[in-house]
Amino acid sequence: LFTIRFVENQASNNQKKNTEFLRFSLLQVIQDIVKKYSESEVFLFSSYVVCILTGNLKELDEMKDILTKDIIASTLKLMNEKVVIGVSEYYLDIFKTSKAYRETLTALDYTKPEEEEYVVFIGDVENTSSKTEFLEEVDERSLLLAIKTNDIEFVKNTLDNFFDDKYYNEHNRFTVLRTIISTIYMNCIRALRETVGEVDDKFNYRYQQIFDAVQYDERTVIKKELISFCEDTMQVILQNRAQTKNSLILDSMEYLKENFSDPDLTLQSISSYLNVSSSYFSTIFKKETGKSFIDTLTEMKMKKAKELVLMTNDKMFEIAFECGYDDQHYFSYSFKKYFGVSPTKMRKDNIAELTQL
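Predicted, not measured: the structure shown is a model, and the values here were computed from it. (Residues numbered from 1 in each chain as written. Predicted model: local features only at pLDDT ≥ 70, side-chain atom pairs only at ≥ 80, totals over all residues. Heavy atoms only, no water.)

Asks: What is the right way to read the pattern of salt bridges from this model?
Replies: Close approach of charged atoms lets side chains of opposite charge pair. On inspection of all chains with the given rule, the structure shows eleven salt bridges. Lys-303 is the partner of Glu-299 in a salt bridge, and the nearest nitrogen-oxygen pair spans 3.1 Å. Taken together, the positions of Glu-299 and Lys-303, both in helix H13 (residues 293–311) and four residues apart, correspond to about one turn of that helix. One salt bridge in this structure joins Glu-307 and Lys-304, with 3.8 Å as the shortest N-O distance. Placement of the pair is Glu-307 and Lys-304 together in helix H13, with a separation of three residues, close to one helical turn. (Salt bridge = Lys/Arg side-chain N within 4 Å of Asp/Glu carboxyl O. Helix = DSSP H or I, 4+ residues; strand = E, 2+ residues; numbered from the N terminus.)

Asks: Can you walk me through the sheet that holds strand S1 (residues 2–6) in this structure?
Replies: Hydrogen bonds between backbone atoms are what pair the strands of a sheet, whose relative direction is either parallel or antiparallel. One open sheet holds the five strands; their spatial order is S2-S3-S1-S4-S5, and the pairing between them is mixed. Both edges of this open sheet fall to strand S2 (39–45) and strand S5 (119–121), since each of them pairs with a single strand only. Going across the sheet, the axis of each strand differs from the next one's by a mean of 15°, ignoring polarity. Those strands touched by helix H3 (residues 57–79) are S1, strand S3 (48–54), strand S4 (83–87) and S5, and its axis lies near 160° from that of S4. (Pairing = 2+ DSSP bridges. Axes fitted to C-alpha atoms, helices over the stretch in contact; angles between N-to-C directions. Contact = heavy atoms within 4.5 Å.)

Asks: Looking at this structure, how should I read the environment of Ser-269?
Replies: Topologically, Ser-269 is positioned in helix H11 (residues 267–274). In this structure Ser-269 comes out as partly exposed when scored by relative accessible area, which is 26%. Within the structure, Ser-269 has its side chain in polar contact with the backbone nitrogen of Thr-266 (distance 2.8 Å). (Buried < 20%, exposed > 50% of the residue type's maximum accessible area, 1.4 Å probe, protein only. Polar contact = N/O pair within 3.5 Å; in protein donor to acceptor, adjacent residues only side chain to side chain.)

Asks: I would appreciate a short explanation of the nonpolar core in the present structure.
Replies: Within soluble globular proteins, side chains that are nonpolar generally end up buried alongside one another. By size, the foremost hydrophobic cluster in this structure holds 66 residues, and its most contacted members are Phe-2, Val-155, Leu-159 and Leu-226. Of all the elements, helix H8 (residues 173–195) adds the most residues to this core, at ten residues. When sequence neighbours within four positions are dropped, the list of residues in contact with Phe-2 reads Val-49, Val-50, Cys-51, Leu-53, Lys-64, Leu-67, Thr-68, Ile-71, Ile-85, Gly-86, Val-87 and Thr-104. By size, the runner-up hydrophobic cluster in this structure holds 15 residues, among which are Tyr-255, Leu-265, Leu-267 and Leu-274. (Core = buried A, V, L, I, M, F, W, Y, C linked by side-chain atoms within 4.5 Å.)

Asks: Would you mind showing me how to read a nonpolar patch on the surface here?
Replies: Together, Leu-57, Tyr-90 and Leu-92 line one region of the surface with nonpolar side chains, adding up to about 330 Å² of accessible area. On the basis of relative accessible area, Leu-57 is assigned to the partly exposed category, the value being 40%. (Patch = residues over 30% accessible without salt bridge, like charges linked within 9 Å, V, L, I, M, F, W, Y side chains within 5 Å. Areas by Shrake-Rupley, 256 points an atom, 1.4 Å probe, with all protein chains shown as cover.)

Asks: Teacher, can you tell me more about the state of the cysteines here?
Replies: Within this structure, the stated rule accounts for zero disulfides. Considering cysteine sulfurs only, Cys-230 is the nearest to Cys-188, which forms no disulfide, with 3.8 Å between them. For Cys-188, a relative accessible area of 0% corresponds to the buried category. (Disulfide = S-S within 2.5 Å.)

Asks: Please clarify how the packing of helix H2 (residues 19–34) against H3 should be interpreted in this entry.
Replies: To characterise two packed helices, one gives the angle between the axes of the helices and the distance between these axes. Close contact between H2 and H3 brings their axes to 10 Å; oriented N to C, the two are set at 135°. When the axes of H2 and H3 are compared, the pair comes out oblique. In this structure, the crossing between H2 and H3 has a hand that is right-handed. Judged by residue contacts, Leu-22, Ser-25, Leu-26, Val-29, Ile-30, Ile-33 and Val-34 of H2 engage Leu-67, Asp-70, Ile-71, Ser-74, Thr-75, Leu-78 and Met-79 from H3. (Parallel < 35°, antiparallel > 145°, perpendicular 65-115°, else oblique. Left-handed = near helix turned anticlockwise from the far one by under 90°.)

Asks: What exactly am I supposed to notice about the environment of Glu-89 here?
Replies: Mapped onto the elements, Glu-89 comes out in the loop between S4 and helix H4 (97–110). Residue Glu-89 is classed as partly exposed on the basis of its relative accessible area, which comes to 27%. Sequence separation between Glu-89 and Tyr-101 is twelve residues; the distance between their C-alpha atoms is 9.7 Å.

Asks: What am I meant to see in the pairing of S4 here?
Replies: In regular strands, side chains alternate between the two faces of the sheet. Of all five residues that make up S4, five are buried, and the element is covered over most of its length. Residue alternation in S4 divides its side chains into two sets, Val-83, Ile-85 and Val-87 and Val-84 and Gly-86, and both sets are buried. When S1 meets S4, the two strands line up antiparallel, connected through five bridges. If you follow Ile-4 over to S4, its bridge partner there is Ile-85. Across three bridges, S4 lies against S5 in parallel orientation. Opposite Ile-85, over in S5, you have Val-119 as the bridge partner.

Asks: Help me out: how do you make sense of unusual backbone geometry in this one?
Replies: Negative phi characterises most residues that are not glycine, and trans characterises most peptide bonds. Positive phi, normally seen in glycine, also occurs at Asn-80, with a value near 60°. By the element assignment, Asn-80 lies in the loop between H3 and S4. One non-glycine residue, Asn-275, lies in the positive phi region at around 65°. Relative to the elements of secondary structure, Asn-275 occurs in the loop between H11 and helix H12 (278–289). Among the residues examined, Asn-275 registers a relative accessible area of 70% and is labelled exposed.

Pasting the structure below:
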């Protein structure tokens, strides 16, 4: 995995340039370069361009030097910008991607552009195999789930572990802080994308602010900001979930009104139409409406049946069909169970009342 960023001391030269435009331009340049060498995923991550290379280890090893030199030369030629590159170890397990990314951040700390050291391979500067890996034992799946399910206590406990002093004994403190911030950010953004679908730019902006604050090494402040970042993420997810539930109920009620007379209408069929599981729909429907799906469907059928019994001269088998019953006898049974009187008797009693008026 490669992580590339602009040389920091160029900031004064870039003040008049559009930062976002520069980043997207860098992304495009690197995408064009990398595809010549290997299958890869190249994307923007905050102020970085991250490149995940895949392929035969021997081939990757042979071309890594050529690739990094090409990136440096091309960005200088095409953009008049200098970049530095951090390169991780090789990993066969895709779930080691987070570890590889952390290694690239550490490698970037070793770059010295003023001495023309633009590329650092983590294996050249640190013995990663013998070193206790920072955050390696963290269960990011559980962290992601906690963010999705509004479990703020789990998030706080996780951050307590992240900020344990033991990590600062073997690691550069700035690298540790950047890693913590990036880990929280990645999981928050993933949670938003998997639940909401879109990520507001304010989250990227806030992440950049927190990330930039690393230079002050204020762990207490950064921890507080990260908790706030997670809480805001959870709030957006909760709001979206509430809107989704509301939309689900509105859509289901509209569908019921238009299709309650369909004898094939079931909990399974409407759930399939709404593209949710029947168990989830059943639970949400009752929670939001106070009634079960079956009770609501029966109520709609019976209201229509009563209207037809009292306001028309339709025969009972015709009314049964119009209300979604294939069997007239079962319709009469259901009608009497709901109203306490058979449809035939209700019609007769109604006629008698009208006659007396």
